[in-house]
Amino acid sequence: MNTNKKILILTANYGNGHMQVAKTLYDECKSQGFEHVIVSNLYQESNPIVSEVTQYLYLKSFSIGKQFYRLFYYGVDKIYNKRKFNIYLKMGNKRLDELIQLHNPDIIIITFPMIVVPEYRNKTGKVIPTFNVMTDFCLHKIWVHENIDRYYVATDYVKQKLVEIGTHPSDVKVTGIPIRPQFEADVPKSMIYKKYGLSSDKKVLLIMAGAHGVLKNVKELCEALLLDSEVQIVVVCGKNAALKQSLSDLEQAHPDQLKALGYVEQIDELFRVTDCMITKPGGITLTEATAIGVPVILYKPVPGQEKENALFFEDNGAAIVINRHEDILESVTKLLQDEETLEAMKQNIKKLHLKQSSQTILEDIVEQSDLITSNKTYARALS
């Protein structure tokens, strides 16, 4: 592999997944010996105020703005034509030009849909091999552009959708979504049970609550579940200090059954010992669940990529989707008591995993960039 190539990775902070994939690809580049690798949060660097406002609106779409986001996601997908989105087409243009002038990249990798990047080729005539690493289990047309040299996607289903709208099959490679390498490591469970004060003889339910909350009334749900002495609950509150504090009395009253945690760096450890988890259907979290084989309960997915991800996993027997708050307790209790269904879901979600995605993608990108560069050189020679 030619590790002398200069690589520019472009991403955006709308949800943690795009940034996380960029970081994972950066780490893979460094581990493979690439010295010239730059990661840019393009929109944040280009216009911090606009970026912060739109990020705030994006986060609000998961609570009070669900219908607005539904209209945006599905509306744009139906009428999408890049020329009609002139503002979006130009977003980040000046900063992109600065980055290219400064770093002169041989390769551009994109982990968030940015039309300005492939449009740069139309604007300048400069051909820099450009690749989209898609971060969900569904397709939105805003990712698609004639100047994207190859798409790296999660499943055959996403590839099929790309081909259906005119993308050549050879321009799409099914690789899975890049995740941190610890999720594919072999770690003994015994030390994990001990570390978190859990018993290997009882069921473990993991609730990924997070800063923006996967569900409401977490405390009430925990109180009801704690009536079953054979169930242990781990609530990961992330940066939501208020949620963690609200669970403190309950945790003190049931120290052997309830663990309320803040941000957990080695979250793969908890994935390994849980019997199922309640989480948001983000592309990265779901991919991490496929790597370890964690059955997932997906509560009230937001219309858009979350809903499409949830439906894909439900259709593949890897998830249970719950849309009504009053159904959560019954569904969780029933699943934890159903060994056969839990095992089937575990096997089904494992089938969706593709190993070493980052390595596969990087090797292919370097190979494709060599081909594009040599073809460009050949074309110049002919002219």
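Residues numbered from 1 in each chain as written. Predicted model: local features only at pLDDT ≥ 70, side-chain atom pairs only at ≥ 80, totals over all residues. Heavy atoms only, no water.

- In the annotation of an unreviewed UniProt entry, the chain is listed under the name Processive diacylglycerol beta-glucosyltransferase and assigned to Bacillus pumilus.
- Checking UniProt for the chain, the heading Subcellular location (unreviewed entry) contains the comment "Cell membrane".
- Under the heading Sequence similarities (unreviewed entry), UniProt records this for the chain: "Belongs to the glycosyltransferase 28 family. UgtP subfamily." (UniProt positions renumbered as here; feature names shortened; annotations may be inferred.)

Describing the overall build of the chain
Phase 1: Each helix and strand in the chain was counted, giving 18 helices and 12 strands.
Phase 2: Of all intrachain contacts in the chain linking residues separated by at least 6 positions in sequence, the fraction that spans at least 24 positions is 69%.
Phase 3: Surface exposure of the chain reaches about 18,300 Å², of which carbon and sulfur atoms provide 51%. (Helix = DSSP H or I, 4+ residues; strand = E, 2+ residues; numbered from the N terminus. Contact = heavy atoms within 4.5 Å. Areas by Shrake-Rupley, 256 points an atom, 1.4 Å probe, with all protein chains shown as cover.)

Quick notes on helix α15 (residues 305-315)
Phase 1: By the burial criterion, the buried members of α15 are Gln-305, Glu-306, Asn-309, Ala-310, Phe-312 and Phe-313. The arc that holds the buried residues of α15, viewed along the axis, is 160°, so those residues lie on one side.
Phase 2: Just downstream of α15 lies Gly-317, where phi reads positive at about 65°. (Buried < 20%, exposed > 50% of the residue type's maximum accessible area, 1.4 Å probe, protein only. Arc of directions from axis to C-beta.)

Examining unusual backbone geometry
Phase 1: Phi at Asn-104 is positive, roughly 45°, even though this residue is not glycine.
Phase 2: Mapped onto the secondary structure, Asn-104 falls in the loop between α6 (93-103) and β3 (107-110).
Phase 3: A positive phi angle, close to 45°, is found at Lys-300, a residue other than glycine.
Phase 4: As for its placement among the helices and strands, Lys-300 is situated in the loop between β11 (296-299) and α15.
Phase 5: Lys-300 gets classed as partly exposed once you look at its relative accessible area, which sits at 39%.

Here's the deal with the packing of helix α14 (residues 283-292) against helix α17 (residues 339-350)
Phase 1: Following both chains from N to C, one finds α14 and α17 inclined at 110°, their axes separated by 7 Å at the closest point. When the axes of α14 and α17 are compared, the pair comes out roughly perpendicular. Judged by residue contacts, Ala-289, Thr-290 and Ile-292 of α14 engage Lys-346, Ile-349 and Lys-350 from α17.
Phase 2: Of the residues that constitute the contact of α14 with α17, the class distribution is 3 nonpolar, 1 polar and 2 charged. (Axes fitted to C-alpha atoms, helices over the stretch in contact; angles between N-to-C directions. Parallel < 35°, antiparallel > 145°, perpendicular 65-115°, else oblique. Nonpolar A, V, L, I, M, F, W, Y, C, P; charged D, E, K, R; others polar.)

A few points about the sheet that holds strand β12 (residues 319-322)
Phase 1: Strand order across the open sheet formed by 6 strands is β9-β8-β7-β10-β11-β12, with parallel pairing between neighbours. Unpaired on one side and paired on the other, β9 (258-261) and β12 mark the two borders of the sheet. Across the sheet, the mean angle separating the axes of adjacent strands is 15° when strand polarity is ignored.
Phase 2: With 4 bridges connecting them, β11 and β12 associate as parallel partners. Residue pairing across strands places Ile-297 opposite Ile-320, the latter belonging to β12. (Pairing = 2+ DSSP bridges.)

Remarks on the packing of aromatic side chains
Phase 1: Summed over all chains, the structure comprises 7 aromatic pairs.
Phase 2: Between Tyr-43 and Phe-112 the ring centres are 6.1 Å apart and the planes differ by 90°, which places this aromatic pair in the edge-to-face class. Of the two residues, Tyr-43 is situated in helix α2 (residues 42-46) and Phe-112 in the loop between β3 and α7 (116-124); the sequence distance between them amounts to 69 residues.
Phase 3: Residue classification places Phe-112 among the buried positions, given a relative accessible area of 13%.
Phase 4: With a centroid separation of 4.8 Å and 85° between ring planes, the pair formed by Phe-137 and Phe-313 is classed as edge-to-face. With Phe-137 in the loop between β4 (130-133) and β5 (150-153) and Phe-313 in helix α15, this residue pair connects regions lying 176 residues apart in the sequence. Of the two residues, Phe-137 and Phe-313, neither departs from the other in class, the shared state being buried.
Phase 5: By the ring-pair criterion, three or more aromatic residues cluster together here, those being Phe-137, Tyr-157, Phe-312 and Phe-313. (Phe/Tyr/Trp six-rings, centres within 6.5 Å; stacked < 30°, edge-to-face > 60°.)

Some details on the confidence of the model for the chain
Phase 1: For the chain, the mean per-residue pLDDT works out to 87, and 84% of the residues sit at or above 70.
Phase 2: Contacts of residues 68-74 to residues separated by more than four positions or lying in other chains number 19 contacts, the stretch itself having pLDDT below 50.
Phase 3: Between residues 378-383, whose pLDDT stays under 50, and residues either more than four places distant or in other chains, the model counts 0 contacts. (pLDDT = per-residue confidence, 0-100.)

Thoughts on the nonpolar core
Phase 1: Core analysis: the biggest nonpolar cluster contains 54 residues, and Ile-7, Leu-270, Phe-271 and Phe-313 have the highest contact counts within it.
Phase 2: Counting residues per element, this core draws most heavily on helix α18 (residues 357-382), which supplies 5 residues.
Phase 3: Split by domain, the residues of this core number at least three in each of domain 1 (7-179 + 355-382) and domain 2 (185-352).
Phase 4: Aside from chain neighbours lying at most four places away, what touches Leu-270 is Tyr-196, Leu-206, Val-234, Val-236, Leu-261 and Val-264.
Phase 5: Leu-221, Leu-226, Leu-258 and Ile-328 belong to the second-largest nonpolar core, a separate cluster that totals 29 residues. (Core = buried A, V, L, I, M, F, W, Y, C linked by side-chain atoms within 4.5 Å. Domains from an automatic or database assignment.)

A few points about the sheet that holds β4
Phase 1: Strand order in the open sheet made by the 6 strands is β2-β1-β3-β4-β5-β6, with parallel pairing throughout. At either margin of the open sheet sits one strand with a lone partner, and together these are β2 (37-41) and β6 (172-174). On average, each strand axis in the sheet is tilted by 20° relative to the strand beside it, whichever way the strands run.
Phase 2: By the bridge criterion, 5 bridges tie strand β1 (residues 7-11) to β2 in an arrangement that is parallel. Its bridge partner being in β2, Thr-11 is matched across the sheet by Asn-41.

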